[in-house]
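What follows is the residue order along each chain.
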Amino acid sequence: MSGGLGRVLVVGASLGGLRAAEALRAGGYDGALTLVGAEPHPPYDRPPLSKQQLASEDPADATALPVPEGLGAEWLLGTPAVALDPDGRTVKLADGQELGWDGLVIATGSAARGWDGPVPQGVHTLRGRDDALALRAELRSGRRLLVVGAGFLGGEIAATARSRGLEVTVVEAAGQPLARAIGAEAGGYLAALHRESGIDLRTGVTVTAFRGGARLTGAVLSDGTELALDAAVLALGAVPNTGWLEGAGLALDGGVGCDAALRVLRADGSVLPGAVAAGDVVRWPHPLAGGARVALGHWTNAVEQAAAAARTLLHPGAPEPFTGVPSFWSDLHGVKVRSVGLPAFADEVRVVEHDLPGRRLEVSYHRAGALVGALTVNRVGRLAGYRRELEEVLLGAVR
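Residues numbered from 1 in each chain as written. Predicted model: local features only at pLDDT ≥ 70, side-chain atom pairs only at ≥ 80, totals over all residues. Heavy atoms only, no water.

> Is there a simple way to explain the sheet that holds strand β11 (residues 167-172) in this structure?
Pairing between the strands of a sheet is mediated by backbone hydrogen bonds and can be parallel or antiparallel. The parallel open sheet is built from five strands, whose spatial order is β9-β16-β10-β11-β12. The two strands at the open ends of the sheet, each matched to only one other strand, are β9 (123-125) and β12 (200-203). Neighbour-to-neighbour, the strand axes of the sheet open up by a mean angle of 20°, direction not taken into account. The pairing of strand β10 (residues 144-148) with β11 spans five bridges and is classified as parallel. Looking across to β11, one finds that Val148 is bridged to Val171. Sheet contacts for helix α4 (residues 152-163): β10, β11 and β16 (231-234); angle to β11, the most-contacted strand, approximately 165°. (Pairing = 2+ DSSP bridges. Helix = DSSP H or I, 4+ residues; strand = E, 2+ residues; numbered from the N terminus. Axes fitted to C-alpha atoms, helices over the stretch in contact; angles between N-to-C directions. Contact = heavy atoms within 4.5 Å.)

Dropping the structure here:
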């Protein structure tokens, strides 16, 4: 069964692209299937890059994702897409190839946000496997590391580096880590964990310049402080990989605009037939955000959206809204941080439990009185109830 699709092209060969390909085959699609990847590596898992890959001496391919036998796909790796012709239904690659498609899955993910201007050697970002290996080579006991940004990625890098014996400074422009994402209460809790571990966390400041010629020697902060450094990491968030879609007439605003069923939208709001998207690159309306379009760079979201996008592609006459409950996890300083829902869209935060010495935290997030998210530290079991309540909210929203 090919569902009328002569050829499906999946642009993006990481987690979302692989899972979309698997879902297409599981859904009965037996036609031509091609995956295009900008990186030369086969699909690999990204969450371990800031934890296990930095903390160990595991080989480079330790994070590889298994590709099922019999997938029957053509792989074009190390050949990024550079342009989309939505009317001619072709994708142009960097090597000059033009690939036709009857069905298109956009899963190009996101890239690390860089520094505005040149930086000396020793200033890193962490997004891909090669980034992790380059950064790991810097993490030697006694060295001085600066992490710019105290989000989850920055926090994990800082915690891993500290566990390896480095002197770690973290600078964060906001008053607390992740204040916008999870609120000041939970952000303050994470700040305390960082400081108790010996990390020099500085909030309300930014980096204004890096020092050094060919090699990093230090940084200047907005409060005038100068730091002597051996290495630095920019953890300033991610930028969706949509550059190759410029000029294609799509709805691009912080990602690929999609409808509730993950169908790609043109700039005029109409659906581009035969095209869907999944993963970090997607912005789609979510009921927990009051119908506002959101973008989620989470592992579970990529997996669940890939399956939903494949279903929409195979059954275009009966598209189903994607209403997965967002979830995220982070492990740092020996604690398990877990969240569900969309805490960033809350207008009320309720602290149910706050026990720093006991390493426990439970916070719920509400919007207009209704639950929109929850976060726990070392209280994983308590998330099940929150998830069920959020599932009921989403089920009611699509009825």
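> Explanation requested: the packing of helix α1 (residues 15-26) against helix α6 (residues 299-314) in the structure shown.
Pairs of packed helices are described in terms of their axes, by the angle between the two and the distance that separates them. Remark: α1 packs on α6, axes separated minimally by 8 Å, with the N-to-C direction vectors making an angle of 40°. Classed by the angle they form, the pair α1 and α6 counts as oblique. In this structure, α1 meets α6 at a crossing whose hand is right-handed. Contacts between α1 and α6 pair Leu15, Gly16, Arg19, Ala20, Ala23 and Leu24 from the former with Trp299, Ala302, Val303, Ala306, Ala307, Ala310, Leu313 and Leu314 from the latter. Its residues assigned to classes, the contact of α1 with α6 comprises twelve nonpolar, one polar and one charged. (Parallel < 35°, antiparallel > 145°, perpendicular 65-115°, else oblique. Left-handed = near helix turned anticlockwise from the far one by under 90°. Nonpolar A, V, L, I, M, F, W, Y, C, P; charged D, E, K, R; others polar.)

> It is not clear to me how the nonpolar core should be interpreted in this structure. Could you clarify?
One recurring pattern in soluble globular proteins is that nonpolar side chains are buried together. Among the nonpolar cores identified, the biggest contains 64 residues, and Val8, Leu84, Val91, Leu104, Ile106 and Val264 are the most heavily contacted of them. Sorting elements by how many residues they give to this core places α6 first, with seven residues. Setting aside anything within four residues of it in sequence, one finds Val264 in contact with Ile106, Leu250, Val256, Gly257, Cys258, Ser270, Val271, Leu272, Ala275, Val276 and Ala277. Listed in part, the 22 residues of the second largest apolar core include Leu145, Ala158, Leu201 and Val233. (Core = buried A, V, L, I, M, F, W, Y, C linked by side-chain atoms within 4.5 Å. Buried < 20%, exposed > 50% of the residue type's maximum accessible area, 1.4 Å probe, protein only.)

> Mind showing me how you'd approach the pattern of salt bridges here?
Close approach of charged atoms lets side chains of opposite charge pair. Inspection of the entire model under this criterion finds 20 salt bridges. Here Glu39 ties to Arg46 by a salt bridge, and the two come within 3.0 Å at their closest N and O atoms. Residue classification places Arg46 among the partly exposed residues on the basis of a relative accessible area of 24%. Arg143 is paired through a salt bridge with Glu138; the nearest N and O atoms lie 2.7 Å apart. When sorted by exposure, Arg143 lands in the same class as Glu138, which is buried. Here the residues in one salt-bridge network are Glu353, Glu362, Arg379 and Arg382, joined through shared partners. (Salt bridge = Lys/Arg side-chain N within 4 Å of Asp/Glu carboxyl O.)

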